[in-house]
Amino acid sequence: MRKLYTTFRNTHHAPEDDTFATATPCTCTPHWPSLETAANGYLVRALPSSHNSILTNPEVGTFVARCTACSARFPEPWVIDTGDQMPYAWARGTD
């Protein structure tokens, strides 16, 4: 599991770092209008969920989602929106 998680390049994981998602409550009305996360250097949609996925499970890593409007860190379980195709241009790179 940990190996799978670490294969994501440029995935933002910062447990105590507010550079991507601030550790403050969402200030939007309504709360949490939409979520996003950074995966492989791209912003992709995230969705609130009743459970974490294998990638968003805090026991595996610290992959975070944030509010798209105020950048507050989403504190509940979430998953990557599978209806939103993740760009895989990075996979064709030669570095």
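This report concerns the structure included in the present document.

Rules and cut-offs
Residues numbered from 1 in each chain as written. Predicted model: local features only at pLDDT ≥ 70, side-chain atom pairs only at ≥ 80, totals over all residues. Heavy atoms only, no water. Helix = DSSP H or I, 4+ residues; strand = E, 2+ residues; numbered from the N terminus. Buried < 20%, exposed > 50% of the residue type's maximum accessible area, 1.4 Å probe, protein only. Polar contact = N/O pair within 3.5 Å; in protein donor to acceptor, adjacent residues only side chain to side chain. Contact = heavy atoms within 4.5 Å. Phe/Tyr/Trp six-rings, centres within 6.5 Å; stacked < 30°, edge-to-face > 60°. Lys NZ or Arg CZ within 6 Å of the ring centre and 35° of its normal. Pairing = 2+ DSSP bridges.

**What to know about the side chain of D81**
Next up, step 1: Position of D81 among the secondary structure elements: in the segment after β4 (78-80).
Next up, step 2: In this structure D81 comes out as buried when scored by relative accessible area, which is 13%.
Next up, step 3: Looking at D81, its side chain comes within polar contact range of the side chain of R45, at 3.0 Å.
Next up, step 4: A polar atom in the side chain of D81 sits 2.9 Å from the backbone nitrogen of G83.
Next up, step 5: The contact partners of D81, leaving out residues within four places of it in the chain, are R45, A46 and L47.

**Side note on the packing of aromatic side chains**
Next up, step 1: For the structure shown, the criterion picks out 2 aromatic pairs.
Next up, step 2: When the ring centre of F20 is taken as origin, the NZ or CZ atom of R66, which lies over that ring, is 4.1 Å away.

**Topic: the pairing of strand β2 (residues 42-48)**
Next up, step 1: Inspection of the sheet shows strand β1 (residues 35-39) paired to β2 by 5 bridges, in the antiparallel sense. Bridging across to β2, T37 finds its partner in V44.
Next up, step 2: Between β1 and β2, which pair antiparallel and follow one another directly, the connecting turn spans 2 residues, one of which, N40, has a positive phi of 60°.
Next up, step 3: Inspection of the sheet shows β2 paired to β4 by 3 bridges, in the antiparallel sense. Across the sheet, the residue bridging to L47 is V79, located in β4.

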